[in-house]
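Next come the chains, spelled out residue by residue.
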Amino acid sequence: MQMQTPDAGLSVYAALEQRSRGRRHAEPPPQNRGEYQRDRDRIIHSNAFRRLAYKTQVFVNHEGDLYRTRVTHSIEVAQVARSIARALALNETLAEAIALAHDLGHTPFGHAGQDALNECMRPFGGFEHNLQSLRIVDELEERYAEFDGLNLTYETREGILKHCSLTNARLLGDVGERFIRREQPGLEAQLANLADEIAYNNHDVDDGIRAGLITLDDLRDVPLVSRHVAEVDTRYPGLNPRRRVHETIRRMINELASDVIAETAAALRTAAPADIDTVRRQPASLVRMSEGMRADHLHLKRFLRDRVYRHHRVIRMTSKAQRVIKALFEAFMSDERLLPVEYCNSVQNAAAEAGETGKARVVADYIAGMTDRYAILEHQRLFDPTERI
Ligand code: MG
């Protein structure tokens, strides 16, 4: 039986494997699967991916078993990205690989953890989860005999690096160049980015309601939600609350995805890019929402910021999380012998090469890699004298 080529049926402007910029370390082509399938499989088999199961999205992992974690969030992003990619004849496998890898560099305790670690790292070049995701797939995963990291294709790495400062772009080589030249990434990368926003805005409504921070009725002034609640109520009067929430959210996701498909298809017709490099040279992202939908989506985002992310209960949790991260960082920086032996050795090597900055980067790698519960446990072991070492 003849195997279908990975590029079969894709648009000319999709990320085609035959036009891939390849991997940093040359490898023989994969058998029985394409290059982007290999990327996706390597991501799923990585240690960093498994850790996402125990990392927070908004709610700390031990608060309840039904809340999103980083891994379920990443799967939801992949699902949204894949549906849209397929509808537009883009490379579904690449969109999936980028979506699954996009949060690999997240610290424990969600954005609170990232902010705290960034503050600790400010004198040493800062900490940014997006850059950390790239650092994991390029350097930190230790799985292969012949190279560090996962040796992913340029296109997957380009998609992981959503944004970065010009200073960092200059240090990053190939994937940093587009920020200097003000170019776009490929369409699959643009799509994974938008799918991330669609996924978290919708699931944070669901999780916020589940946690009792908000109700569907609180969202009556948010058009993206209220028009679907109205439709569900008309169609299914007296529906039980959990089903009412789900019937609403599935309609929201569907409306957003349909809007992105229609708007992007129109933008692609107008720009008519001949290939992925023409996509990269466009002045703006071609994967987009309509103006009306963007405004509605922003409205929902603001609501979530004010009513969920800044809710008293969430603030109490995030402040606790920030103290844990800062205390761990300070303890390890003051005495690297508190670190596990392998990290202690890395700190000493990094310090010999790059002084305190090198040392801080290894400490940040160690802390960023922790799951929520490991960070809590490590904090107890370091600061609670009655706790076992
Ligand atoms: Mg995300």
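Residues numbered from 1 in each chain as written. Predicted model: local features only at pLDDT ≥ 70, side-chain atom pairs only at ≥ 80, totals over all residues. Heavy atoms only, no water.

## A few points about unusual backbone geometry
The residue Asn151 is not glycine, and still its phi comes out positive at about 50°. You can see Asn151 is positioned in the loop between α6 (129-140) and α7 (154-160). Positioned with a positive phi, Arg182 is a non-glycine residue whose angle comes to about 55°. Mapping Arg182 onto the fold places it in the loop between α9 (177-181) and α10 (187-210). Judged by its relative accessible area of 70%, Arg182 is exposed. (Helix = DSSP H or I, 4+ residues; strand = E, 2+ residues; numbered from the N terminus. Buried < 20%, exposed > 50% of the residue type's maximum accessible area, 1.4 Å probe, protein only.)

## Focus on the coordination of the magnesium ion
Octahedral metal centres with six donors ideally show angles of 90 or 180 degrees, and tetrahedral centres with four donors ideally show 109.5 degrees. Bound to the magnesium ion are the protein donor atoms His73 (NE2), His102 (NE2), Asp103 (OD) and Asp196 (OD), situated 2.1 to 2.7 Å from the metal. Look at where the donors of the magnesium ion fall in the sequence and you get H-x28-H-D-x92-D. Placement of the pair is His102 in the loop between α4 (92-101) and α5 (110-121) and Asp196 in helix α10, with a sequence separation of 94 residues. A relative accessible area of 7% means that Asp196 is categorised as buried. (Donors = N, O, S within 2.8 Å, 3.2 Å for Na, K, Ca; no water.)

## Quick notes on the packing of aromatic side chains
For the structure on display, the rule yields four aromatic pairs. Taking 6.4 Å as the distance between ring centres and 80° as the angle between the ring planes, the aromatic pair formed by Tyr366 and Tyr374 counts as edge-to-face. Every member of this aromatic cluster is reached through a ring pair, and the members are Phe332, Tyr343, Tyr366 and Tyr374. Taking the ring centre of Tyr144 as reference, the NZ or CZ of Arg42 above it sits at 4.8 Å. One cation-aromatic arrangement involves Arg373 over Tyr54; the distance from NZ or CZ to the ring centre is 4.2 Å. (Phe/Tyr/Trp six-rings, centres within 6.5 Å; stacked < 30°, edge-to-face > 60°. Lys NZ or Arg CZ within 6 Å of the ring centre and 35° of its normal.)

Everything listed here is a matter of geometry and, on its own, says nothing about what the molecule does.
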